[in-house]
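If you want the building blocks of each chain, they are given just below.
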Amino acid sequence: MPKLAELNALDGAEFTRLVGPVFEHSPWIAARTAAQRPFASRDSLQAALIATVAKASDEEKLALIRAHPDLIGDAHLTAASRAEQASAGLQDVHADEAAQFREYNRQYRERFGFPFVICARLNKKEAIAQAFPVRLRNSRQQEMETALQEISKIAELRLQDLVHE
Ligand code: GUN
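Definitions and cut-offs
Residues numbered from 1 in each chain as written. Predicted model: local features only at pLDDT ≥ 70, side-chain atom pairs only at ≥ 80, totals over all residues. Heavy atoms only, no water. Helix = DSSP H or I, 4+ residues; strand = E, 2+ residues; numbered from the N terminus. Buried < 20%, exposed > 50% of the residue type's maximum accessible area, 1.4 Å probe, protein only. Polar contact = N/O pair within 3.5 Å; in protein donor to acceptor, adjacent residues only side chain to side chain. Contact = heavy atoms within 4.5 Å. Near = heavy atom within 4 Å. Areas by Shrake-Rupley, 256 points an atom, 1.4 Å probe, with all protein chains shown as cover. 1 Å grid on protein atoms, 1.4 Å probe; cavity = no way out; pocket = protein on both sides within 12 Å on 5 of 7 lines; lining within 4 Å. Sits in = over half its atoms within 2 Å of the grid points. Nonpolar A, V, L, I, M, F, W, Y, C, P; charged D, E, K, R; others polar. Points joined across faces, edges and corners; volume = space filled by probe spheres on them.

Asker: Any chance you could explain the side chain of Ser81 here in plain terms?
Answerer: Relative to the elements of secondary structure, Ser81 occurs in helix H6 (residues 79-87). Residue Ser81 is classed as buried on the basis of its relative accessible area of 3%. A polar contact of 2.9 Å, which involves the side chain of Ser81, links it to the side chain of Glu24. Non-local contacts of Ser81, meaning those with residues more than four positions away in its chain, are made with Glu24, Pro69 and Arg158.

Next up, the structure:
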């Protein structure tokens, strides 16, 4: 695991290669944040990454949300996503649970036009199953904001795994 000081010293491309995967399939966030180095703490790096997301256009924010796989979906998963889904207990579910998740995923995508994002490492499958029908009642604007907040939590945990202070 690199130290923060090492990340601070890398060239921009290497920094992006290492920090990019903190956001699912979205290395542009690390790339746009690289020039603000050096960071004094991991928290300040995290805050700068989230500020980059906040400054992005609505289309870019939507693309970031859409880069996430469905929970119990058919997409090929990155190593980080596979571990996150497993930590929620989603790797071994009964056929009826899987069918329920797939139906919620379908309804959610149909209503909002992007996938349901919840930080799988902070929620067990039962909590996720309860969140789906509640969030399905929200507005699209509320759900975009919630998805971005969940992505921030996902990124924070990935960054803790990635870098020592
Ligand atoms: N899709 C919904 N939740 C998650 C999550 O926690 N991680 C990833 N990678 N994708 C998700």
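Asker: Help me understand the site of the ligand in this model?
Answerer: The ligand sits among 13 residues. The nearest are Pro69, Ser81, Glu84, Ile118 and Ala120. Between a nitrogen atom of the ligand and a main-chain N or O atom of Ile118, the distance comes to 2.6 Å. Within the contact set of the ligand, an oxygen atom lies 2.9 Å away from a backbone nitrogen or oxygen of Ala120. Its free accessible area being 270 Å², the ligand has 100% of it covered by the protein chains. When atom positions are compared with the pocket grids, the ligand is found to occupy the largest cavity. Taken together, the residues that form the shell around the ligand break down as eight nonpolar, two polar and three charged.

Asker: Which parts of the structure should I look at to understand the layout of surface pockets?
Answerer: Approximately 160 Å³ is the volume found for the largest pocket. Considering the residues around the largest pocket, the lining is formed by 13 residues, among which Ile72, Gly73, Leu77, Gln85 and Leu90 are closest to the centre. Per-element tally for the lining of the largest pocket: the top contributor is H6, with three residues.

Asker: Can you walk me through empty space enclosed by the protein in this structure?
Answerer: Here the idea is plain: a probe the size of a water molecule rolls over the atoms and shows the empty space left. This structure, assessed with the given rule, holds one cavity of 30 Å³ or more. Counted as a void, the largest cavity has a volume near 110 Å³. The wall of the largest cavity is formed by His68, Pro69, Leu71, Ser81, Glu84, Gln85, Phe116, Val117, Ile118, Ala120, Ile154 and Arg158. Going through the elements one at a time, H6 and helix H9 (140-162) are the ones with two or more residues in the lining of the largest cavity. Ranked by residue count, the leading element in the lining of the largest cavity is H6, at three residues. Among the residues making up the lining of the largest cavity, the classes are represented as seven nonpolar, three polar and two charged.

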